[in-house]
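# Notes for the structure review
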Amino acid sequence: MMFAQYILYGVDLCSRPIGTELRLVVDTIVDDRMIELYTKALKNPFLVPASPVDDPRRHLMEMKKQRDSGEGIPFSKIYLGNYLIGIGFSRKLSDKAVKLYRLNDRLDWYRIGWWYIDEELQGKGYGVQAMKLFIEKYKNVFYMAEVGNIGSQKVAMKAGMRHYGSVWVDEQSDIYREQQNFDDREFYIYKTEESK
């Protein structure tokens, strides 16, 4: 397993102790740092949700309630040592989604909704490492990246996923195998090799 070994229990630019090991933690805890990262992520044009988020804290708390009740899997949190550097939203694919994406329906599939690494730390391979850790944990993983989002496409391929086709998403976030409307956005889809 690859770790960021070049930072030997140092500090980041804001003098926060961070350490060297990249970890993926899956839980439902919402803290100030997670809210800070989510607020930054909402400014990324590729990560903007279909419905506007006026209050990131309240929105995360609503998602927490769903996850605490057993709907979906908990938040994915990416730590460098003891410092939260990224977040992700993932879920188990429904039977309907497995059929839509033409995946092996005898397996449980998990979708990485999106990853966000703090912009100060992007481009250092942490997204790839985190995706590999997620794949190691959940095995059969599915991922979508908008056609113009080259960075996300590279992360998926570097993490060992393979390009599997494309789908179209409309304004209501409905997904189709072929374009339905002029404003639909095309997404490339990626998946891991099937594992039992």
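Let me sum up the structure you'll find in this document. As the structure is a computational prediction, the values presented were derived from the model and not from experiment.

### Details of the environment of Asp 108
Along the chain, the position of Asp 108 falls in the loop between α3 (95-100) and β4 (110-117). According to the relative accessible area criterion, Asp 108 is partly exposed, its value standing at 42%. Counting along the chain gives 13 residues from Asp 108 to Asp 95, while the straight-line C-alpha distance between them is 9.1 Å. Dropping the residues within four chain positions of it, Asp 108 is found in contact with Lys 92 and Asn 140. Side-chain polar atoms of Asp 108 contact the side chain of Lys 92, separated by 3.3 Å.

### A few points about the packing of aromatic side chains
For the structure shown, the criterion picks out 8 aromatic pairs. Between Tyr 110 and Tyr 138, the aromatic rings sit 4.7 Å apart at their centres with planes inclined by 45°, giving tilted as the arrangement. Of this pair, Tyr 110 sits in strand β4 while Tyr 138 sits in helix α4 (residues 126-138), and the two are 28 residues apart along the sequence. Ring plane angle 85° and centroid distance 6.0 Å describe the contact between Trp 115 and Phe 134, whose orientation is recorded as edge-to-face.

### Some remarks on the sheet that holds strand β7 (residues 175-176)
An order of β1-β2-β3-β4-β5-β8-β6-β7 is seen for the 8 strands of this open sheet, with the pairing classed as mixed. Two strands close off the open sheet at either side, each with one partner strand: β1 (22-27) and β7. Taken together, the 3 bridges between β4 and strand β5 (residues 141-146) define a ladder with parallel strand orientation. Paired with Tyr 110 across the two strands is Val 141, which belongs to β5.

Procedures and definitions
- Residues numbered from 1 in each chain as written.
- Predicted model: local features only at pLDDT ≥ 70, side-chain atom pairs only at ≥ 80, totals over all residues.
- Heavy atoms only, no water.
- Helix = DSSP H or I, 4+ residues; strand = E, 2+ residues; numbered from the N terminus.
- Buried < 20%, exposed > 50% of the residue type's maximum accessible area, 1.4 Å probe, protein only.
- Contact = heavy atoms within 4.5 Å.
- Polar contact = N/O pair within 3.5 Å; in protein donor to acceptor, adjacent residues only side chain to side chain.
- Phe/Tyr/Trp six-rings, centres within 6.5 Å; stacked < 30°, edge-to-face > 60°.
- Pairing = 2+ DSSP bridges.

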